[in-house]
Amino acid sequence: MATEPQDTGGRIAVIGAGAIGGTLAAWLAQTHAVTVCARTPLVDLEVETPERTIRATPAILTDPAQATPVDWVLATTKTYDCAAAAAWLPGLMGPDMRLAVIQNGVEQRERFPMVPPERTVPVIIDLPAERTAPGRIVQRRDGTILVPEGEACEAFVALFARTVIDAKTTPDFATAAWRKLAINCSGIVSAITRRAAEVANDEGVAEVMRGLVRECVAVGRAEGATLPDRLVDQVVEWTRKAHPDSVNSLHADFVAGRPMELDARNGVIVRLGAKHGIETPLNRAMAALLAASAK
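Being a predicted model, the structure only gives us computed values, none of them experimental.

Examining the UniProt feature "domain: Ketopantoate reductase C-terminal" (unreviewed entry) in the protein
The UniProt feature table records "domain: Ketopantoate reductase C-terminal" (unreviewed entry) at residues 172–292. Taken end to end, residues 172–292 is 70% helix and 0% strand, and its first and last C-alpha atoms sit 36 Å apart.

If you want it as structure tokens, here you go:
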């Protein structure tokens, strides 16, 4: 039986009903009034966690014309779906509405220019989950969220106070975002080879990963992030310690024939590198090869 939410104040709309959006919506619906903005209708949400299964029956909207103003909007779509996500905002926006952009990359604030920057919260999330069917999600472990410091960001963190998701502010969001990008950019080797995380055990592939991360570190430093040299080897080691069959989202999208977040994961390194006069040949070449393979 679905849990009735005990509204602690604050209406929340979650755009996107995939693994991340569905998991966040289900947890927040335990204590808040939640609306899920989705492409297709859902009956309810069910998230299987290592400890228990949670269920929720948030309001489900499939037409942006049905949207009404809320206090918080959580944009959880892939970066290539920003235009579709933005179509929901006119109906959801009120004078005090705040937007949390929960997406890959380092350009979250720039993706929804119709929302004032002071009301936009960029979010880094680590939440291993996969959607097994519409509204049905397996959450592999408790997740973490990082946001910058500031009043709006602290208010966002407070939304998760009664969930298993550890949400915190950080005084150096740029470093945290570029650190995650260093991990994500290296994942392109799995997509190109069509092999899971175990591919990092191949030393030749591992060296390519190191080269991708070195470029990311150089550009990230130019953008103000504090990234140690050891991060280059750490990314390879973290990948080797992951479950050998784990597949990153870029790889999964490529194999499934879906659009890919190539720009958010590798293209951004090339673009911002050019701005700073930093050469990024590996990220440029790998992104070009993967894009050509998808045609």
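Still to come is the rest of the account.
Side note on the packing of helix α7 (residues 203–222) against helix α10 (residues 262–275)
The N-to-C vectors of α7 and α10 enclose an angle of 50°; their axes lie 10 Å apart at closest approach. By the angle between their directions, the pair α7 and α10 is classed as oblique. Crossing of α7 over α10 shows left-handed handedness. Of the residues in α10, those touching α7 at L212, E215, C216 and V219 are N266, I269, L272 and G273.

As for the sheet that holds strand β2 (residues 33–37)
Taken together, eight strands build an open sheet; the order of strands is β5-β2-β1-β6-β7-β8-β11-β12 and the sheet is mixed. The sheet terminates laterally at β5 (59–61) and β12 (166–170), the two strands that pair on one side only. Averaged over all pairs of adjacent strands, the angle between their axes in this sheet comes to 25°, without regard to strand direction. Across five bridges, strand β11 (residues 144–148) lies against β12 in parallel orientation. Paired with P148 across the strands is T170, a residue of β12.

Considerations on the sheet that holds strand β3 (residues 45–48)
Spatial ordering of the open sheet is given by β4-β3-β10-β9, a layout of four strands whose pairing is mixed. The open sheet has two edge strands with one neighbour each: β4 (53–56) and β9 (129–133). Here the average twist between neighbouring strands, direction ignored, is 20°. Where β3 meets strand β10 (residues 136–139), three bridges bridge the pair, whose relative direction is parallel. Following the sheet pairing, E46 is matched in β10 by R136. Packing against the sheet, helix α1 (residues 19–28) makes contact with β3, β4, β9 and β10, and its axis sits at approximately 100° to β3.

Structural notes on the nonpolar core
Side chains of nonpolar character tend, in soluble globular proteins, to be buried together. By size, the foremost hydrophobic cluster in this structure holds 38 residues, and its most contacted members are W178, I269 and L290. Broken down by secondary-structure element, the contributors of at least two residues to this core are α5 (173–186), α6 (188–193), α7, α8 (231–241), α9 (249–256), α10 and α11 (281–293). Ranked by residue count, the leading element in this core is α7, at eight residues. Within the second largest apolar cluster, 36 residues are counted, among which are V34, V36, W72 and L127.

Brief notes about the pairing of strand β6 (residues 72–75)
Alternating residues of β6 divide into W72 and L74 and V73 and A75, and every residue in both groups is buried. The pairing of strand β1 (residues 11–15) with β6 spans four bridges and is parallel. Considered in β6, the bridge of V14 is made with L74.

Reading the values: the criteria
Residues numbered from 1 in each chain as written. Predicted model: local features only at pLDDT ≥ 70, side-chain atom pairs only at ≥ 80, totals over all residues. Heavy atoms only, no water. UniProt positions renumbered as here; feature names shortened; annotations may be inferred. Helix = DSSP H or I, 4+ residues; strand = E, 2+ residues; numbered from the N terminus. Axes fitted to C-alpha atoms, helices over the stretch in contact; angles between N-to-C directions. Parallel < 35°, antiparallel > 145°, perpendicular 65-115°, else oblique. Left-handed = near helix turned anticlockwise from the far one by under 90°. Contact = heavy atoms within 4.5 Å. Pairing = 2+ DSSP bridges. Core = buried A, V, L, I, M, F, W, Y, C linked by side-chain atoms within 4.5 Å. Buried < 20%, exposed > 50% of the residue type's maximum accessible area, 1.4 Å probe, protein only.

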